Amino acid sequence: MSLERYLDHIECINSLIKSKEDLIKKYDSDLENCTSHLSDMPRAESSNNDKMNSLINEKLKIKDELTDKRIELENIKHKIDSAINAIDHPLYQDILIKMYYEKKSFKELCNIYSFEKSQMSKNIELAKKAFNSGVNRSKTEQIGLKRTVKV
């Protein structure tokens, strides 16, 4: 997977995490509303208990999904960091970090490194290739480890 696809995947997961956190807040609000209507006073059976149990179950389910997404996010970030750290050329590492983590524009990168546009484009292209080869090398090593373990 290319760096851009990893980062798009991170954006997607972050968005999903945000929506699940918002949903948990909504469930908390709804649960608070349910419990404020419950009291010790005798009255006809209410569906508040059922609604509250349903909300609690949904909230727990969403929390589990949220935990899974956070773990997935950390795993992807770890893969990206490992691939960037595996690049032998410090300039390429720095370019990728500034582009994707610090969100520097192409123009800003040209100014930072005092490169002409064509030279900067070439360095970005080489940095991305180095990243992709690092990811592919890592996958190959993992497959090799799995085969070694099976034997």
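Keep in mind that this is a model prediction, so the values were computed, not measured.

Chemist: Tell me about the overall build of the protein, residues and numbers included.
Modeler: Looking only at helices and strands, the protein features 5 helices and 0 strands. Its helices and strands taken in sequence order, the protein reads α-α-α-α-α from the N to the C terminus. Summed over its atoms, the accessible surface of the protein is roughly 10600 Å², and 52% of this surface lies on carbon and sulfur atoms.

Chemist: Give a detailed account of the pattern of salt bridges, specifying residues and quantitative values.
Modeler: Following the criterion strictly, the structure yields 10 salt bridges and no others. A salt bridge links K59 to D28, with the shortest nitrogen-to-oxygen separation between them at 2.3 Å. With K59 in helix α2 (residues 48-85) and D28 in helix α1 (residues 3-37), this residue pair connects regions lying 31 residues apart in the sequence. A salt bridge links E102 to K98; the nearest nitrogen and oxygen atoms lie 4.0 Å apart. Residue E102 is classed as partly exposed on the basis of its relative accessible area of 40%. Under the relative-accessibility criterion, K98 is labelled buried at 15%. Shared partners join several salt bridges into a network, and the residues in it are D94, K98 and E102.

Chemist: Break down the confidence of the model for the protein for me, with residues and values.
Modeler: Caution applies to low-pLDDT regions: their predicted coordinates should not be interpreted in detail. Per-residue pLDDT for the protein has a mean of 84; in total, 81% of the residues score no lower than 70. At the level of individual helices and strands, the protein shows its lowest average pLDDT in helix α5 (residues 117-150), which scores 77, and its highest in helix α4 (residues 106-113), which scores 96.

Chemist: Break down the packing of aromatic side chains for me, with residues and values.
Modeler: Counted by the stated rule, this structure contains 2 aromatic pairs. Between Y6 and F131, the aromatic rings sit 6.2 Å apart at their centres with planes inclined by 85 degrees, giving edge-to-face as the arrangement. Of the two residues, Y6 sits in helix α1 while F131 sits in helix α5, which places them 125 residues apart along the sequence. Residue F131 is classed as buried on the basis of its relative accessible area, which comes to 0%.

Here is what the cut-offs are and how they apply
- Residues numbered from 1 in each chain as written.
- Predicted model: local features only at pLDDT ≥ 70, side-chain atom pairs only at ≥ 80, totals over all residues.
- Heavy atoms only, no water.
- Helix = DSSP H or I, 4+ residues; strand = E, 2+ residues; numbered from the N terminus.
- Areas by Shrake-Rupley, 256 points an atom, 1.4 Å probe, with all protein chains shown as cover.
- Salt bridge = Lys/Arg side-chain N within 4 Å of Asp/Glu carboxyl O.
- Buried < 20%, exposed > 50% of the residue type's maximum accessible area, 1.4 Å probe, protein only.
- pLDDT = per-residue confidence, 0-100.
- Phe/Tyr/Trp six-rings, centres within 6.5 Å; stacked < 30°, edge-to-face > 60°.

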